[in-house]
Amino acid sequence: YGGMGLDFSYNIAVAEEVGNIRCGGIPLAIGVQAGMATPALARFGSEELKKQFLVPTIAGDMVVCLGISEAGAGSDVANIKTTAVRKGDEYVINGGKMWTTSGCQADWMCLLANTSEGPPHRNKSLICLPMKLPGIHIAKKIDKLGMRSSDTAQVFFEDVRVPSKNLIGEEGKGFTYQMLQFQEERLWGVATVLTPLETIIRETVDYTRQRKVFDQSVLHNQTVHFRLAELATEVELLRSLLYRTIALYVEGNDVTKFASMAKLKAGRLAREVTDSCLQFWGGMGFTNEVLVSRFYRDLRLVSIGGGTDETMLSIICKYMETLPSK
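Quantities reported herein were computed from a predicted structural model and do not represent experimental measurements.

**Observations concerning the domain arrangement of the chain**
And step 1. Segmenting the chain into domains produces domain 1 (37-163) and domain 2 (176-320).
And step 2. Computed over C-alpha atoms only, the centres of domain 1 and domain 2 are separated by 29 Å.
And step 3. At the interface, 17 residues of domain 1 touch 16 residues of domain 2.
And step 4. Taken over both partners, the interface formed by domain 1 and domain 2 buries close to 1,400 Å², and the fraction arising from carbon and sulfur atoms is 63%.
And step 5. The interface formed by domain 1 and domain 2 contains 1 salt bridge.
And step 6. Note that Arg43 and Glu184 form a salt bridge whose closest N and O atoms lie 2.8 Å from each other.
And step 7. Put simply, domain 1 and domain 2 have 5 residue pairs in polar contact (both at pLDDT 80 or more) between them.
And step 8. With 4 residues, helix α3 (residues 39-44) is the largest single contributor of residues to the side of domain 1 that touches domain 2.

**Looking at the UniProt feature "domain: Acyl-CoA dehydrogenase/oxidase N-terminal" (unreviewed entry) in the chain**
And step 1. When the UniProt feature table is mapped onto this chain numbering, "domain: Acyl-CoA dehydrogenase/oxidase N-terminal" (unreviewed entry) sits at residues 1-61.
And step 2. Secondary structure within residues 1-61 divides into 69% helix and 0% strand; the distance between the first and last C-alpha atoms comes to 13 Å.

**Some remarks on the UniProt feature "domain: Acyl-CoA dehydrogenase/oxidase C-terminal" (unreviewed entry) in the chain**
And step 1. UniProt's entry tags residues 172-318 with the feature "domain: Acyl-CoA dehydrogenase/oxidase C-terminal" (unreviewed entry), counted in the numbering of this structure.
And step 2. The distance from the first to the last C-alpha atom of residues 172-318 is 24 Å, and the span holds 74% helix and 3% strand.

**Regarding helix α4 (residues 47-59)**
Three- or four-residue spacings in an α-helix give side chains the same orientation, since the helix completes a turn every 3.6 residues.
And step 1. Compared with the 18 Å implied by 1.5 Å per residue over 13 residues, the 17 Å span of α4 between its first and last C-alpha is a close match.
And step 2. Regarding α4, the residues found buried are Leu49, Lys50, Phe53, Leu54, Pro56 and Thr57.
And step 3. Where α4 ends, the next residue or the one after it, Gly60, has phi of about 85°, a positive value.

**Section: the pattern of salt bridges**
And step 1. According to the stated counting rule, one finds 17 salt bridges in the structure shown.
And step 2. The salt bridge partner of Glu198 is Arg239, with a shortest N-O separation of 2.4 Å. Of this pair, Glu198 sits in helix α5 (residues 174-210) while Arg239 sits in helix α6 (residues 222-250), and the two are 41 residues apart along the sequence.
And step 3. Here Arg239 falls in the buried class, since its relative accessible area comes to 11%.
And step 4. Each of the salt bridges in this network shares a partner with another, and the network as a whole consists of Glu16, Glu198, Glu236 and Arg239.

**Observations regarding the packing of α6 against helix α7 (residues 256-280)**
A packed helix pair is summarised by two numbers, namely the angle formed by the two axes and the spacing between the axes.
And step 1. Across the interface, α6 lies against α7 with an axial gap of 10 Å and an inter-helix angle of 160°. On the basis of their axis angle, the class for α6 and α7 is roughly antiparallel. Relative to α7, the crossing made by α6 is left-handed. Between α6 and α7, the contacting residues are Val224, Arg227, Leu228, Leu231, Glu234, Val235, Leu238, Leu241, Arg244, Thr245 and Leu248 on the first element and Phe258, Ala259, Met261, Ala262, Lys265, Ala266, Leu269, Glu272, Val273, Ser276, Cys277 and Phe280 on the second.

**Points about the packing of α7 against helix α9 (residues 309-320)**
And step 1. For the pair α7 and α9, the least separation of the axes is 9 Å and the interaxial angle reads 145°. Once α7 is placed against α9, the crossing between them reads as left-handed. From α7, Thr256, Lys257, Ser260, Met261, Lys263, Leu264, Arg268 and Arg271 reach across to α9, where they touch Asp309, Met312, Leu313, Ile315, Ile316 and Tyr319.
And step 2. Looking at side-chain class alone, the contact of α7 with α9 contains 7 nonpolar, 2 polar and 5 charged residues.

**Quick look at unusual backbone geometry**
Trans is the prevailing form of peptide bonds, just as negative phi is the prevailing case for residues other than glycine.
And step 1. Positive phi, close to 70°, is recorded for Ser102, a residue that is not glycine.
And step 2. Looking at where Ser102 falls in the secondary structure, it is placed in the loop between β3 (90-101) and β4 (108-114).
And step 3. Accessibility expressed as a relative area gives 4% for Ser102, which makes it buried.
And step 4. The phi torsion at Met147 lies on the positive side, around 50°, for a residue other than glycine.
And step 5. Among the structural elements, Met147 can be located in the loop between β6 (136-141) and β7 (152-163).

**So, the side chain of Thr152**
And step 1. Take Thr152: it is sitting in strand β7.
And step 2. Within the local environment of Thr152, its side chain forms a polar contact with the side chain of Lys144, the two groups lying 3.1 Å apart.
And step 3. If we ignore the near neighbours within four places in the chain, the residues touching Thr152 are Trp99, Thr100, Thr101, Lys140, Lys141, Ile142 and Lys144.

Rules used throughout
- Each chain has its residues counted from 1, running along the sequence as written.
- Totals for whole chains, interfaces and linings use all residues, but because this is a predicted model, local features are given only for residues with pLDDT of at least 70 and pairs of side-chain atoms are given and counted only at 80 or more.
- In computing side-chain properties, one takes all heavy atoms of the structure into account and sets aside hydrogens as well as water.
- Start and end positions for the domains come from either an automated domain assignment or a database one.
- By definition, residues are in contact when any of their heavy atoms lie within 4.5 Å.
- By definition, the buried area sums, over both parts, the 1.4 Å-probe accessible area that each loses when the two are put together.
- A pairing counts as a salt bridge when a side-chain nitrogen of Lys or Arg comes within 4 Å of a carboxyl oxygen of Asp or Glu.
- Contacts described as polar in this section are N or O atom pairs within 3.5 Å, which, within protein, must combine one atom able to donate a hydrogen with one able to accept it, while residues neighboring in sequence count only if both atoms come from side chains.
- Only DSSP runs of H or I with at least four residues qualify as helices, and only runs of E with at least two residues qualify as strands; both kinds are numbered from the N terminus onward.
- UniProt positions are given in the numbering used here, feature names are shortened, and annotations may be inferred rather than shown by experiment.
- Given a helix with a known number of residues, its expected span is that number minus one, times 1.5 Å.
- Burial classes: relative accessible area under 20% of the type maximum marks a residue as buried, over 50% as exposed, and values in between as partly exposed (1.4 Å probe, protein chains only).
- Whenever a helix is involved, its axis is fitted only over the stretch in contact; in every case the axis is a line through C-alpha atoms, and angles between N-to-C directions fall within 0 to 180 degrees.
- Should an angle lie under 35 degrees it is considered roughly parallel, over 145 roughly antiparallel, and from 65 to 115 roughly perpendicular; all remaining angles are considered oblique.
- Handedness of a helix crossing follows the sense of rotation of the near helix relative to the far helix, less than a right angle counterclockwise being left-handed and clockwise being right-handed.
- Amino acids outside the nonpolar list (Ala, Val, Leu, Ile, Met, Phe, Trp, Tyr, Cys, Pro) and the charged list (Asp, Glu, Lys, Arg) are all regarded as polar, and Gly is one of them.

Put into structure tokens, the structure is as follows:
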């Protein structure tokens, strides 16, 4: 479909590399396109849907967004309220989505909606939804703390009609498909923070080496260089967990537990590294003139987007409960 036919480890290599971009918003937008809104279509979509939506998206001729979160259902995906009611050969969609990355400019949305009244884990479907259809309203571009170069939209649907052939895979399997998409999304997110964290630590070392306080460099203080050494070690441990997870995933294993662990650690470490390093920059760190302050804002999203820290802990706990007791 226009891609290179490589395995998922190459996605992670790209994700690490785009971490060299000195902001979080652009890697996020690329991630939505490559690893968050298209995996289900690639795996389960019809040939017609792939030609209509996947091919131009891979080519970069179309922008895609992911319509999952709602004002009352963020990490609680099962609680979404948006409906897609089958009427003849169409679905009629009503509801709305919140915090939709690239939503203001997207050509189509990978939409999760309730297509029946059944149990919440078996009544949802994924639908390819063109964003220019009548009844789709972009309510606003959300003003955010960080990731400000990435547009985030609030979207409403009012009797939006879309052909039933735009259904991805089987009706009622949307929740399952989306959980699979989440694994790649979370692994991409982990990979994109590695390089920024390394960059922040390196730039903090350089700055504290030349910044003088009480007639000596800030880096000369054992507290400072020990702390930076600890943070660098934590980043390498996160990288090792990610690489182990990717190796297992490429082999076809279920990596939900390890992906959740990596996502949890990435979010917490992003907060820890940026906060500690910003402190060592002193007053300069509180300005918008340095990279550490930008990543302090941008990377805060890692603990929220794609499943909160608390959601990751819940997933990890469920997998731990399946372990045999000693």
